[in-house]
Structures are given as structure tokens and as C-alpha cells.
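The lines below spell out each chain.
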Amino acid sequence: MMMDSQLPILPVVLPLATGAVLLLLDVRRTTLKAVIGFASIAAQLVVALGLTQLADAATPTVYALGNWHAPFGIVLVVDRLAAVMVLLTTLLGTAAHCYSLARWHGPGRFPVLLQFLLMGLNGAFLTGDLFNLFVFFELLLAASYGLALLGSGIARVRASLHYIVVNLAASLLFLIGVSLIYGVAGTLNMAQLAERIPAIAAADRALVESGAAILAIAFLVKAAVWPLGFWLPSTYAAASAPAAALFAILSKVGIYAVLRLWLLFFDGQAGGEFLLYTGMATMMFGAAGMLAAQRLGTIAAYSLVISSGTLLAAISRADAGVTAGALFYLVSSTLGAAAFFLLIELIQRARPLGAEVLAVTAEQFGIDDEEPEESPGPAIPATMAILGLAFAACSLLLAALPPLPAFLAKMSMISGLLSIRPIEGEAWVLLGLMLVCGLAALVATARIGVSIFWAGGTSVPRVLFLEMVPVATLLILCAALTIGAGPVTRYVQDAANSLHTPRAYVNAVLPRQ
Amino acid sequence: MELIVALLIGVLTGSGVWLILRPRTYQVILGLALISYGVNLFIFVMGWVRGGIPAILDAASKPDFSRFADPLPQALVLTAIVISFATTALFLVVLLAARGLTGTDHVDGEEREE
């Protein structure tokens, strides 16, 4: 019972403590670090599963830090959306940790950065305080700067330089937005803001709304929405495979923040058209970028841009049915993108030396194509067949074709769009764009897949079990999402319903006397 | 007083934005530092620019709740200073690494061809 009441803080405390312990250990003790990191992530996975159970209730669970209750203390709020995001984060963390054991554990920096990134992500999803959200954003960004640089090399440093500048500038905008809102509303607690913002005098409304707009720009930069997302493709394509897999959820943090705060503060009223049009522009930009991409990493990066745009446009309809589909899409596309990023590095080992356009990694980034002396674990048999199968599954996910869950998610978004009466012109445009984006993803991945797997002339890469297992697990999870679509749809539908009726959230955080 | 502070914030942020848009990494980092000063001041004045009033009121002496210094923006500004200091230091490391690897201090890692 004691553990149960402390459950919401564990996703923040566990990775923090593990990261601190890992920092203190000698850099050469890679095995010990790997074991500690894995044990911690396994525990976090159990906690995250517990949280999804805990959150599946009529009212969100509120955890008051230091037992100082809102609005004076800082609270963590576990509702279904937060729990799903934490679970998704932890799943990606597990996959990235396992994958990194094979090649990326060298001096042992990856497990430390991974733990701090997980802490920042979990905290950002759970917090119920606007300034605390900023702090967790900074924590996850600081860890992500380190992860983006992992492996070093010119391309990575160059891309990270842009990534860091853009995100530092966005963080400053975040601060301006937060302080404007605080200056007018006099509180930073999200639930209390939800109560006060509708009651603000007309003279001060412009100030609050511009504060919220500046805040939204900071989030949209992180979500890589057009025209704020030019940093994403180069950074993500240059990042090392396990880091890029984690970055798949990084752009979703921005979407999460917009979804949560927009529905909480403005009840989906102000600025919906803006979100819709930027979302649709992002989808077009992503589709065009994907078709123009020459490298697998760039294709995967643009698929994240597309999914950001799709999510933003879908949530801008402010309809619980569409939002539910969007949440399902968020889960499946994040899992798919992470698996794709991990797979890309394995496939690129197979590229012949002549295809340097497609395989910029390797020697430039300081990884030798040569097998390390003592390879951790055996290699898998029938490599090309398995890689090809996994690649096909990933491209089905990106293109949202059956039988994988992205298809179901997209269908449920579309049916949600069509059930809003009257059907507006924008809804038809959005529907068309969703289909076009799927087609673009299919064309781009099929074109590059044919040249890798069927054109011949490629050497068979040596892929270790340790590297293939996380990819396969992520894809099997996706398949499981299709099979278990019923309960999952029910869960995200409840999550969307409670997002669209924020009263329960506010009442849970602010106890009435 | 408000005018001076507002002008100060404007000048700091304006020069920072100009510097961020320059092509040299050193200018960019100075620009980020200037903007973060401007933003820190901005957060600070969200608790109003007033001097000589207490943050803790004595309930015994019939306090005037319309006149007190809001301590929260000061706490926020401390956090913001620490975070921007740390991230700027981190950026400095990346900047030096980029300088060493590419041999130029251009933000794109290569000089623009004229």
C-alpha cells in the first residue's frame, strides 16, 4: 500500500538515482553499468505498467511532492494520457538500452544519458506545474544534446550545433510565455490556470493569449512543426541509432504539451485553425521531404515530421473521437519510428562501399565497419531475410497500411473526422493529406528497399542477436497492438474523453474544502 | 523605473536576436547569453518593479495585501539562471568541438562560397 501511494514519483526518482550511481562508477566497468541500467529500466517498466493500471480510473491520481498540496506545492498528475506516454517512453528506453549493449556501450556514457533522458521525459509527462514542465524540458534536452553527440564525428557535431541553438532559443521563448501567463494569472499550477484563464478580464486576455501563443511556439519547435522544424531531419539522421530511436518520442513531447495545455486552458477554442493549418503544412513538408530523401535516416526523420503534423492537425479538431485516434496513432507511429531508426543502422552495414550517399555513417562517425575483437553474443542466421521482413513491417507502419496498428489508428482518426457534422472543407483536405502522406511513405521506403534488398551487390552484414531482439520486440509490440486493438482503443478513447472534459482533472488537483 | 527596465530588456533581447542571426558560433553564443539576460529580467519584473516592500507579511499588524513583493518570480529566475548557465556551458563545449573538427567557426561548419 505504501509503495502504491508512492508510485507516481518512481518514474522520476528511479532513473535519477540510477543515472547518479552510473556516473560515479568507473567508466571502464561497462558490464556492471549495463546490468544496473537494465535492472533499473526493467523496474521502470513494471512501474509504468502499474501507472497505466492506476490511471485507468474516473479521476486522475495526484501526487503532492513533499506533501505540499496544490496550488502551493508542486504536483504530479497521473491520468491515462500521462501513463500511456510514460509507458511508451520506458518501452523505447528498454529497446534502446538493449540495442546499445552491442556497440554503443564503449566508454559507458550511453546508459547514463539514457537514464537522465528518461527522467526528463517521464517528469515532463507527469508534472502538473507549468514551470516544472520547463525544468523537465531542459533536463531532457540536456540529456538529448549529449545523446545527439554520441559517437562524435563532423556530421553529428555540425547537426547538434544547430539542434542546440534552436532548442536553447525555444527554451527562452518558453520562459517568456510562462512568465507572461504567471504575470496575468498569478499561478503556475496547470489546474488552477485552467480555472482562472477563462475568468480573466477582457483587458488582460490579449496578454494571456500572447503568452500562450509564445509558449505554443516553444512546443511547436520541439515538435518540429513547419516552419519551425528544419533542424529535425539533419539532427535525427545524423544521430546514432539508439539515440535516434529515443528521439522518436522527443518530438512527441511538444505535441503532448500542446494537447494537454490547449485543452486545459482554452478548452480547444482559441487558435484551432492555426494548429490545423500548421499541421497540414507540416504534413506536406514531411511528405515532400520523404520523397526527396536519398538516405534511410532522412526518410525516418521525415516520417517523424509527418507524424507530428498529422497529430497536430488531428488534435486541432478538438473532438474526442479524433483525439482518441490521434493518441493511438501516436503510440503506434512512435514504436514504428523507433524500430525503423534501430533497423537503419543494421541495414546500412549491408550497403556496398560505393553507396556512400546512403551510408554516410560508419567511418565518418568513428565506428569501424570492422567487427570488434570480442563481439558480445552470436550473430543471427538468415540475416537478409530477417532484415527484409523487419524493413517491410516498418514501411507498412510508416505508410499506415494493414495489418499493423498505424492503419487502425489512421482509420479511427478519419472516421472521427467524418463523424463531425457538418463535414467541413478542411476535414476533407486533412483526410486527403493523411492518405497522400501514407502513399509518400510507401513510395519512399519501397524505392529504397528495392535497391537494398533486391538489386543485389550488397554484402550480408553481421547482425547480432542483441541488436535484432529490440527491433523485433518493438515490431511484435506493434502487431500486438493490432490484435489487442479493442482494449487499447477503449483506453485511448477514455483518455481522450477525460482530456476533453478537464473538470475532473482540475477537481482532482485542487481539493475543495 | 518601469520604462528603464523595459528598455533594458528590449535592448538586451534585440541585440541578442541580432547576434543569434550572425554566422559565427561565438556571436551566436553571446547572443544566447544576452537573450537569456533579457528573459531573466523579464521574469523578474513579472513580480512588478517595486522597491522597499516586504515579501513576508506579518499577520498581526493588519497587512496590506495589495503591497507585497512576490517571491515566486525570484525563485523562478534563479532556476532559469542556473539552467541557462548550464546549457550555455554545454553549448560552449560543442562550439569548441565543432571548431576543432571543421576548422572553421562558421555555424554551418563550412565557409560560404562567394
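Residues numbered from 1 in each chain as written. Chains lettered and ligands numbered in written order. Predicted model: local features only at pLDDT ≥ 70, side-chain atom pairs only at ≥ 80, totals over all residues.

Asks: Sorry, what's going on with the overall build of chain A here?
Replies: A tally of helices and strands in chain A yields 20 helices and two strands. Its C-alpha atoms give chain A a radius of gyration of 22 Å, near enough to 24 Å, the size a compact globule of 513 residues would have. For chain A, the residues scored as buried account for 59% of the 513 residues in total. Taking as baseline every contact in chain A between residues at least 6 positions apart, the subset at least 24 positions apart corresponds to 81%. (Helix = DSSP H or I, 4+ residues; strand = E, 2+ residues; numbered from the N terminus. Rg over C-alpha atoms; globule rule 2.2 N^0.38 Å. Buried ≥ 20, exposed ≤ 12 C-beta atoms within 10 Å, placed from the backbone. Contact = placed C-beta atoms within 7 Å.)

Asks: What am I meant to see in the packing of helix 9 (residues 202-222) of chain A against helix 11 (residues 241-266) of chain A here?
Replies: A packed helix pair is summarised by two numbers, namely the angle formed by the two axes and the spacing between the axes. Residue and element names in this part refer to chain A. The interhelical angle for the contact between helix 9 and helix 11, taken along N-to-C directions, is 155 degrees, at an axis separation of 7 Å. By the angle between their axes, helix 9 is roughly antiparallel relative to helix 11. The handedness of the crossing between helix 9 and helix 11 comes out as left-handed. Facing helix 9, whose interface residues are A212, A216, F219, L220 and K222, helix 11 presents S251, V253, G254, A257, V258 and F265. The residue inventory of the contact of helix 9 with helix 11, partitioned by class, reads eight nonpolar, two polar and one charged. (Axes fitted to C-alpha atoms, helices over the stretch in contact; angles between N-to-C directions. Parallel < 35°, antiparallel > 145°, perpendicular 65-115°, else oblique. Left-handed = near helix turned anticlockwise from the far one by under 90°. Nonpolar A, V, L, I, M, F, W, Y, C, P; charged D, E, K, R; others polar.)

Asks: Sorry if this is basic, but what is going on with the interface of chain A and chain B here?
Replies: Each partner contributes residues to the interface: chain A has 21 residues there, and chain B has 23 residues. Elements that contribute at least two residues to the side of chain A that touches chain B include exactly helix 6 (130-149) and helix 7 (154-185) of chain A. Sort the elements by how many residues they give to the side of chain A that touches chain B and helix 7 of chain A lands first, with 15 residues. When its residues are assigned to classes, the side of chain A that touches chain B shows 16 nonpolar, three polar and two charged.

Asks: Would you take a moment to explain unusual backbone geometry for this structure?
Replies: Note: most residues except glycine have negative phi, and most peptide bonds are trans. All names here are of chain A. Omega for the bond connecting W226 with P227 falls within 30 degrees of zero, at 0 degrees, which places this linkage in the cis form. Summarising the element assignment, P227 is placed in the loop between helix 9 and helix 10 (231-238). The residue N67 is not glycine, and still its phi comes out positive at about 60 degrees. Residue class for N67 comes out exposed when judged on the 7 C-beta atoms lying within 10 Å of it. You will see that A318, though not glycine, has its phi angle at about 50 degrees, which is positive. Looking at the secondary structure, you find A318 in the loop between helix 13 (296-315) and helix 14 (320-348). Classification of A318 as partly exposed rests on a count of 19 C-beta atoms within 10 Å.

Asks: Help me out: how do you make sense of the confidence of the model for chain B in this one?
Replies: Caution applies to low-pLDDT regions: their predicted coordinates should not be interpreted in detail. Residue and element names in this part refer to chain B. Per-residue pLDDT for chain B has a mean of 85; in total, 98% of the residues score no lower than 70. Mean pLDDT across the elements of chain B ranges from a minimum in helix 3 (residues 72-102), with 88, to a maximum in helix 1 (residues 2-20), with 93. Overall fold confidence for the complex sits at a pTM of 0.90, while the interface term, ipTM, reaches 0.91. (pLDDT = per-residue confidence, 0-100.)

Asks: Any chance you could explain the environment of M290(A) here in plain terms?
Replies: All names here are of chain A. Structurally, the position occupied by M290 is in helix 12 (residues 272-292). A sequence separation of 12 residues divides M290 from Y302, and the C-alpha atoms of the two residues are 5.5 Å apart. Filtering out sequence-adjacent residues up to four positions away, M290 remains in contact with I299, Y302, S303, I306, A440, A441 and A444.

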